[in-house]
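Descriptive analysis of the structure
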Amino acid sequence: MLETALAVKQIIQQNKETEESVFSEEWKGLLSRYICGDQTVFARGVAKKLLFALCGSRAAYFATRDVCLYRLEMEKLSLLREGTTGFTGDMPYQMTVKLIESLQSMLDVAALRPHNWQLYLVQHQASIAPFSFLLEALFLLPEESVIFLAKLLALSFKPYKGSSSSSAAAPSPSSSDTVDPFKEQVEKGLPSLVETLLADKDRVSRLVERFLLQSISSSVRQEIRNLLYLLWQQSPPHHRAALHTMLLSTNFSKIVPFGQNASQLIDLLAYIISKTSHEEVGNTTQGMVLFLLPALLGRDS
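All values derive from a computational prediction rather than experimental measurement.

Some remarks on unusual backbone geometry
At Phe87, a residue that is not glycine, the phi angle is positive and equals roughly 65°. Take Phe87: it is sitting in the loop between helix 5 (58–83) and helix 6 (93–112). The class for Phe87 is buried, based on a relative accessible area of 7%. One non-glycine residue, Ala129, lies in the positive phi region at around 50°. You can see Ala129 is positioned in the loop between helix 7 (114–123) and helix 8 (130–138). On the basis of relative accessible area, Ala129 is assigned to the buried category, the value being 17%.

Now the structure itself:
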């Protein structure tokens, strides 16, 4: 492979237009698999240099590489789902380990470069729909995997803060590194993720009841709170209004008995109400306040 890589790299350097005319996306996909694969460590260094030469910028290089990793890990998760009848059957210990490893691999990269994670979700929303896959898995998979899924779903809506970069090693950064060629594509595709989550009005209620109230893990409650907070931040006004209504449709008589477990939900509701006009708040919010205030005061007395 070394000889081939050197020959291809020389061609690219001699004629920059060759990248588009000769080397297709299949080449980039193949090199990315060499970089991400467990069995191809021997060729990883050469593959990185060649992929960077094909991509031409650090942002494009990391985007191509990260998206490939997500594809590979999602393929593993799909196989696990098939082996457990859609995640509804019992999952043996070894399968659980593989599940956690795949989720951890995706989360490690997504936390470094969340914009590339969003790019992957947007690019594949119309085909394999990974966002819908993870959202469904959140309610089906065992407790130990929930925190990973919640973090990945929350990162789906993390605001954009510059180009794809990190401390991870990348060959020869260039002056074009500050330009993210996929920013516009992600911004146009994020509304479809918002619509997917809000399409089922019962889903938000299930998120609230199961993970913001019933979960004994403060980390899980915090991540679900972050998910709904970031969802609200990324939503246009009509979707914010829909989320506001869904959250306020909660049966508030169920909140107080959960005590401290309800703190993340109350914090989220307080934030959204503070950012909502008086006309939009309406009688539902007033009813919530009138119900919760005496109950909370009674609990503290």
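Points about the layout of surface pockets
Its boundaries defined by the atoms lining it, the largest pocket holds a volume of some 320 Å³. Along the wall of the largest pocket there are 17 residues; nearest its centre are Ile35, Cys36, Gly37, Leu69 and Val109. At the level of elements, helix 3 (25–36), helix 4 (44–55), helix 5 and helix 6 are the ones that each hand at least two residues to the lining of the largest pocket. At 6 residues, the largest contribution of residues to the lining of the largest pocket is made by helix 5.

Section: helix 8
Structurally, the α-helix is built with 3.6 residues per turn, so residues lying three or four positions apart point the same way. With respect to burial, helix 8 is a largely interior element, 7 of its 9 residues being buried. Within the span of helix 8, buried status applies to Pro130, Phe131, Phe133, Leu134, Leu135, Ala137 and Leu138. Buried residues along helix 8 sit in contact with helix 5, helix 7, helix 9 (143–155), helix 10 (183–198), helix 11 (201–213) and helix 12 (218–234).

Looking at the nonpolar core
Ranked by internal contacts, the top residues of the largest apolar core, which has 72 residues, are Trp117, Leu197 and Ile224. The contact partners of Trp117, leaving out residues within four places of it in the chain, are Tyr70, Met106, Ala110, Leu134, Leu152, Leu155 and Ser156. Core analysis: the second largest hydrophobic core is formed by 11 residues, Ile35, Leu50, Cys55 and Ala60 among them.

Digging into the environment of Leu138
Secondary-structure assignment places Leu138 in helix 8. With a relative accessible area of 0%, Leu138 lands in the buried category. The contact partners of Leu138, leaving out residues within four places of it in the chain, are Val146, Leu149, Ala150, Leu153, Leu207, Phe211 and Ile224.

Thoughts on the pattern of salt bridges
Scanning all chains against the criterion turns up 5 salt bridges. Residues Arg225 and Asp267 are paired through a salt bridge, measuring 2.9 Å at the closest nitrogen-oxygen approach. Taken as a pair, Arg225 in helix 12 and Asp267 in helix 14 (residues 263–274) lie far apart in primary sequence, 42 residues in all. By relative accessible area, which is 38% here, Asp267 ends up partly exposed.

With respect to the packing of helix 10 against helix 13 (residues 237–248)
Any two packed helices are characterised by how steeply their axes cross, that is the angle between the axes, and by the distance between the axes. Running from amino to carboxyl end, helix 10 crosses helix 13 at an angle of 25°, the nearest separation of the two axes being 11 Å. Taken as axis vectors, helix 10 and helix 13 run roughly parallel relative to one another. Helix 13 is crossed by helix 10, and the crossing has left-handed handedness. From helix 10, Val194, Glu195 and Leu198 reach across to helix 13, where they touch His239, Leu243 and Met246. By residue class, the composition of the contact of helix 10 with helix 13 is 4 nonpolar, 1 polar and 1 charged.

Some words on helix 6
Counted at 1.5 Å a residue, the expected span for helix 6 with its 20 residues is 28 Å, and the 29 Å between its end C-alpha atoms agrees. Those residues of helix 6 hidden inside the fold are in contact with helix 5, helix 7 and helix 9.

Some points on the packing of helix 8 against helix 10
Running from N to C, helix 8 and helix 10 point in directions that differ by 30°, and their axes come no closer than 10 Å. The orientation of helix 8 relative to helix 10 falls into the category roughly parallel. As helix 8 runs across helix 10, the sense of the crossing is right-handed. For the pair formed by helix 8 and helix 10, the contact residues are Phe131, Ser132 and Leu135 on the first element and Leu193, Thr196 and Leu197 on the second. For the contact of helix 8 with helix 10, a count of residues per class yields 4 nonpolar, 2 polar and no charged.

Brief notes about the environment of Ala262
Checked against the element boundaries, Ala262 lands in the loop between helix 13 and helix 14. Spatially, the C-alpha atom of Ala262 lies 10.0 Å from that of Ser215, the residues being 47 residues apart in sequence. Discounting chain neighbours no more than four positions away, the residues touching Ala262 are Leu212, Leu213 and Ile255.

Conventions used here
- Residues numbered from 1 in each chain as written.
- Predicted model: local features only at pLDDT ≥ 70, side-chain atom pairs only at ≥ 80, totals over all residues.
- Heavy atoms only, no water.
- Helix = DSSP H or I, 4+ residues; strand = E, 2+ residues; numbered from the N terminus.
- Buried < 20%, exposed > 50% of the residue type's maximum accessible area, 1.4 Å probe, protein only.
- 1 Å grid on protein atoms, 1.4 Å probe; cavity = no way out; pocket = protein on both sides within 12 Å on 5 of 7 lines; lining within 4 Å.
- Points joined across faces, edges and corners; volume = space filled by probe spheres on them.
- Contact = heavy atoms within 4.5 Å.
- Core = buried A, V, L, I, M, F, W, Y, C linked by side-chain atoms within 4.5 Å.
- Salt bridge = Lys/Arg side-chain N within 4 Å of Asp/Glu carboxyl O.
- Axes fitted to C-alpha atoms, helices over the stretch in contact; angles between N-to-C directions.
- Parallel < 35°, antiparallel > 145°, perpendicular 65-115°, else oblique.
- Left-handed = near helix turned anticlockwise from the far one by under 90°.
- Nonpolar A, V, L, I, M, F, W, Y, C, P; charged D, E, K, R; others polar.
- Expected span 1.5 Å × (residues − 1).

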